[in-house]
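Observations on chain architecture
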Amino acid sequence: MSISLSSLILLPIWISMAQIQQGGPDEKEKTTALKDLLSRIDLDELMKKDEPPLDFPDTLEGFEYAFNEKGQLRHIKTGEPFVFNYREDLHRWNQKRYEALGEIITKYVYELLEKDCNLKKISIPVDATESEPKSFIFMSEDALTNPQKLMVLIHGSGVVRAGQWARRLIINEDLDSGTQIPFIKRAMDEGYGVIVLNPNENYIEVEKPKIHVQSSSDSSDEPAEKRERKDKISKETKKRRDFYEKYRNPQREKEMMQLYIRENGSPEEHAIYVWDHFIAQSAAENVFFVAHSYGGLAFVELMIQREADVKSKVTAVALTDSVHNVWHQEAGKTIREWMRENCCNWVSSSEPLDTSVESMLPDCPRVSAGTDRHELTSWKSFPSIFKFFTEASEAKTSSLKPALTRRSHRIKHEEL
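Since this is a predicted model, take the numbers as computed values, not measurements.

The next point concerns the pattern of salt bridges. Any two side chains of opposite charge can pair if their charged atoms end up close together. Under the defined criterion, the tally for this structure stands at 13 salt bridges. With a shortest N-O distance of 3.2 Å, Glu64 and Lys77 are connected by a salt bridge. Pair noted here: Glu64 is in the loop between α4 (60–63) and β1 (65–67) and Lys77 is in the loop between β2 (73–75) and α5 (91–115), with a separation of 13 residues, a long-range link. Given a relative accessible area of 65%, Lys77 falls into the exposed group. For Arg262, the salt bridge goes to Asp127, with nearest N and O atoms at 3.0 Å. Of this pair, Arg262 sits in the loop between β8 (256–260) and α11 (267–277) while Asp127 sits in the loop between β3 (120–124) and β4 (135–139), and the two are 135 residues apart along the sequence.

Here is the structure:
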């Protein structure tokens, strides 16, 4: 007869309950505690007691992984792709390991932005004091001085940071599909300045200070008997809580607190801040946005807050599976009309690339990204986005030519 793993884990508790029940009435409280434990804890939580330490390497080499010449993450010794289930039946530990690798990937991409793409890391807020929390963005050398074109890249929500579209793609596919690097390199080759936003870097985490609360019995005027009874209840409660905690979280992690970054406490705030302090100050006549997923929502919010400025400076916006909603965000009629003329949303769809897709909302046109995977929409629509920007730029130039011609004739006439 086979016995399941869960039965083996729970067997000692059942035996303990049987032994307690054979005792006297004094053991009723322990029985209640054990029953309560069984009702509160699921198997995954219970198995934490057998978890290895949550102690992971802090380098790719420590994980024994490296990116090959194709930008694929491979094991140094076996050449195999990344394996999530490194330890069977330890999902939480495997997830923590994956997250630790993800943090290394983030730093690795930052290095690529600086070394391979020659971008500068710019600290924000621009007037931050030495002690306050800070974030940063990346910019090309000519981002603010390029008189012609500027491209702004905004990723989606979650764990991704500047330079990434999707961590999952970087780890399981390659750097081209998962990062913004192909966009950055092609943009620079075609004469764009580049600004890479970092909308998810909204706070820093510090360890929560331990607060020692003075016992109520030290300063209370309550009768001694009542104080003793309260202290006894408090001790029993703590004992029961510690008993649960032993199983619930045997490797209790540090309690952290979040210190938000001034004027950059959300993706929406961040987009507005970078617009005000960098994009609006740039010399470029034509600004182009590429915004993925929640980045599209952040752009729409930027437009709501800075409508006139955005309309005067932005030539075209490429959205990739954007989650914006013009109704929920209360975008006005003039914004919706502008988006219909100047934006395009490449959405996840099984239809061929650039096939028109019906929209339920009265905003920008929707076309297929040529994939039904949300995280791949930016990479799959990559060539179409640059074509869209080129056409938008040419259309703007041609629409200005008559006015420029009239102006030049007027100037010549005045000179004569």
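Here we have nine strands laid out as an open sheet, ordered β3-β4-β6-β5-β9-β10-β11-β13-β12, and mixed in their pairing. Strands at the two margins of the open sheet, each flanked by one partner only, are β3 and β12 (356–357). Two elements, β3 and β4, share five bridges in a ladder whose sense is antiparallel. The partner of Ser123 across the bridge, within β4, is Phe136.

Attention now goes to the packing of α11 against helix α12 (residues 294–305). For the pair α11 and α12, interaxial distance at closest approach is 9 Å and the crossing angle is 55°. Between α11 and α12, the crossing angle belongs to the class labelled oblique. When the axes of α11 and α12 are compared, the crossing they make is right-handed. Packed against α11, whose contacting residues are Pro267, Glu268, Ala271, Ile272 and Trp275, the element α12 presents Tyr294, Leu297, Ala298, Glu301, Leu302 and Gln305 at the interface. A per-class count over the contact of α11 with α12 returns eight nonpolar, one polar and two charged.

What follows concerns the packing of aromatic side chains. Taken as a whole, this structure holds 21 aromatic pairs when the rule is applied. Seen in terms of ring centroids, Tyr110 and Phe138 are 5.6 Å apart; in terms of plane orientation they differ by 35°. Their pairing is tilted. Of this pair, Tyr110 sits in helix α5 while Phe138 sits in strand β4, and the two are 28 residues apart along the sequence. For the pair Phe382 and Phe386, a centre-to-centre distance of 5.3 Å together with 75° between the ring planes defines the contact as edge-to-face. Of the two residues, Phe382 and Phe386 are both situated in helix α16 (residues 382–415); the distance of four residues between them amounts to about one turn of the helix. Of the two residues examined, Phe382 and Phe386, each falls in the buried class.

Turning our attention to the environment of Gly71. Mapped onto the secondary structure, Gly71 falls in the loop between β1 and β2. For Gly71 and Ile171, which are 100 residues apart along the polypeptide, the C-alpha to C-alpha distance reads 9.8 Å. Those residues in contact with Gly71 that sit more than four places away from it in its chain are Asp174 and Leu175.

For α12, spanning twelve residues, the distance from its first C-alpha to its last is 17 Å, which sits close to the expected 16 Å at 1.5 Å a residue. On its buried face, α12 sits against β5 (149–154), α11, β9 (286–292), α13 (307–313), β10 (314–320) and α14 (333–342).

Rules and cut-offs
Residues numbered from 1 in each chain as written. Predicted model: local features only at pLDDT ≥ 70, side-chain atom pairs only at ≥ 80, totals over all residues. Heavy atoms only, no water. Salt bridge = Lys/Arg side-chain N within 4 Å of Asp/Glu carboxyl O. Helix = DSSP H or I, 4+ residues; strand = E, 2+ residues; numbered from the N terminus. Buried < 20%, exposed > 50% of the residue type's maximum accessible area, 1.4 Å probe, protein only. Pairing = 2+ DSSP bridges. Axes fitted to C-alpha atoms, helices over the stretch in contact; angles between N-to-C directions. Parallel < 35°, antiparallel > 145°, perpendicular 65-115°, else oblique. Left-handed = near helix turned anticlockwise from the far one by under 90°. Contact = heavy atoms within 4.5 Å. Nonpolar A, V, L, I, M, F, W, Y, C, P; charged D, E, K, R; others polar. Phe/Tyr/Trp six-rings, centres within 6.5 Å; stacked < 30°, edge-to-face > 60°. Expected span 1.5 Å × (residues − 1).

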